[in-house]
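# Secondary and tertiary structure notes
Read off the chains here:
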Amino acid sequence: PLCTTVQDCRDVEQWLEDDKRKGNERVFWVGMEYRFIPPIEKLIDAGDSGKLGRLKMLSIREHRFPFLAKVGHWNRLNALSGGTLVEKCCHFFD
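Residues numbered from 1 in each chain as written. Predicted model: local features only at pLDDT ≥ 70, side-chain atom pairs only at ≥ 80, totals over all residues. Heavy atoms only, no water.

### Some remarks on the overall build of the chain
Applicable threshold: Helix and strand labels come from DSSP, where a helix needs a run of H or I of at least four residues and a strand needs a run of E of at least two; each type is numbered from the N terminus. The rule is simple: take the accessible area with a 1.4 Å probe, protein chains only, and divide by the maximum for that residue type; under 20% is buried, over 50% is exposed, in between is partly exposed. The protein chains shown are the only cover counted for residues, whose accessible areas, like all others here, come from Shrake-Rupley with a 1.4 Å probe.
The secondary structure content of the chain amounts to four helices and zero strands. In the chain, the succession of α and β elements from N to C terminus is α-α-α-α. The buried share among the 94 residues of the chain stands at 11%. For the chain, the exposed area adds up to about 8100 Å²; of that, 58% sits on carbon and sulfur atoms.

Now the structure itself:
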């Protein structure tokens, strides 16, 4: 996720505004890499077009170990990742 608290999001927004005022306009992007995987693109298109009817629930199964090793195991700590649900699901939905 971009941030794990509302205040952190506000701080990022303020940083971008301050930077822009200084004439340092930048592109700021949070990468949602799963949305560009061809089967996921097809799923999104099918959902948006109504081909699937009215979507009420979606299930995604990931076939890998749940937590790959990260520096300082940040992805296993709620304070740093927002918790398991946020850490895992943020890659699928934006």
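What follows picks up the thread again.
### Things to note about the pattern of salt bridges
The line we're drawing: For this analysis, a salt bridge means a side-chain nitrogen from Lys or Arg found within 4 Å of a carboxyl oxygen belonging to Asp or Glu.
Throughout the structure, instances matching the rule amount to two salt bridges. Between Asp-18 and Arg-21 there is a salt bridge, with the nearest N and O atoms lying 2.4 Å from each other. With Asp-18 and Arg-21 both in helix α1 (residues 6-21), this residue pair falls three residues apart, about one helical turn. Using a relative accessible area of 61% as the deciding quantity, one classes Arg-21 as exposed. Across the pair Arg-26 and Asp-19 runs a salt bridge, and its minimum N-O distance is 2.3 Å. Here Asp-19 falls in the buried class, since its relative accessible area comes to 9%.

### With respect to the environment of Thr-5
For clarity, the cut-off: Pairs of N or O atoms are called polar contacts if they sit within 3.5 Å, as long as, within protein, a hydrogen donor faces a hydrogen acceptor (for residues adjacent in sequence, only side-chain-to-side-chain pairs).
For Thr-5, the position within the fold is in the segment before α1. Relative accessible area serves as the criterion here: at 37%, Thr-5 is assigned to the partly exposed category. Sequence separation between Thr-5 and Leu-80 is 75 residues, and the spatial gap between their C-alpha atoms is 9.7 Å. Polar side-chain contacts of Thr-5 include one of 3.0 Å to the backbone nitrogen of Asp-8.

### Quick notes on the confidence of the model for the chain
In plain terms, the rule: The predictor rates its confidence in each residue with pLDDT, a number between 0 and 100.
In the predicted model, the chain carries a mean pLDDT of 80, and the fraction of residues at 70 or more is 85%. The lowest-confidence element of the chain is helix α4 (residues 84-89), averaging 70 in pLDDT; the highest-confidence one is α1, averaging 92.

### Comments concerning α1
Rules: The length a helix should cover is 1.5 Å for every residue beyond the first.
Compared with an ideal rise of 1.5 Å per residue, which puts 16 residues at 22 Å, α1 spans 23 Å between its outermost C-alpha atoms and is within 8% of the ideal. Looking one or two residues past α1, Gly-23 carries a phi angle of roughly 85°, positive in sign.

### Let's talk about the packing of aromatic side chains
Where we set the bar: Working definition: a ring pair exists when centres of Phe, Tyr or Trp rings (six-membered ring for Trp) sit within 6.5 Å. Plane angles under 30 degrees give stacked, over 60 give edge-to-face, the rest tilted.
Scanning the model with the defined rule gives one aromatic pair in all. Summarising the aromatic geometry, the rings of Trp-15 and Phe-28 are spaced 6.5 Å apart at their centres and angled 70° between planes, so their arrangement reads as edge-to-face. One end of the pair, Trp-15, is in helix α1; the other, Phe-28, is in the loop between α1 and α2 (38-49), with 13 residues separating them in the sequence.

### Some words on the state of the cysteines
Rules: Any two cysteine sulfur atoms within 2.5 Å of one another count as a disulfide.
Evaluation of the coordinates by the stated rule reveals zero disulfides. This cysteine, Cys-3, is not joined by any disulfide, and Cys-9 carries the nearest cysteine sulfur, 3.8 Å off. Its relative accessible area of 18% is what places Cys-3 among the buried residues. Given the relative accessible area of 32%, Cys-9 is considered partly exposed.

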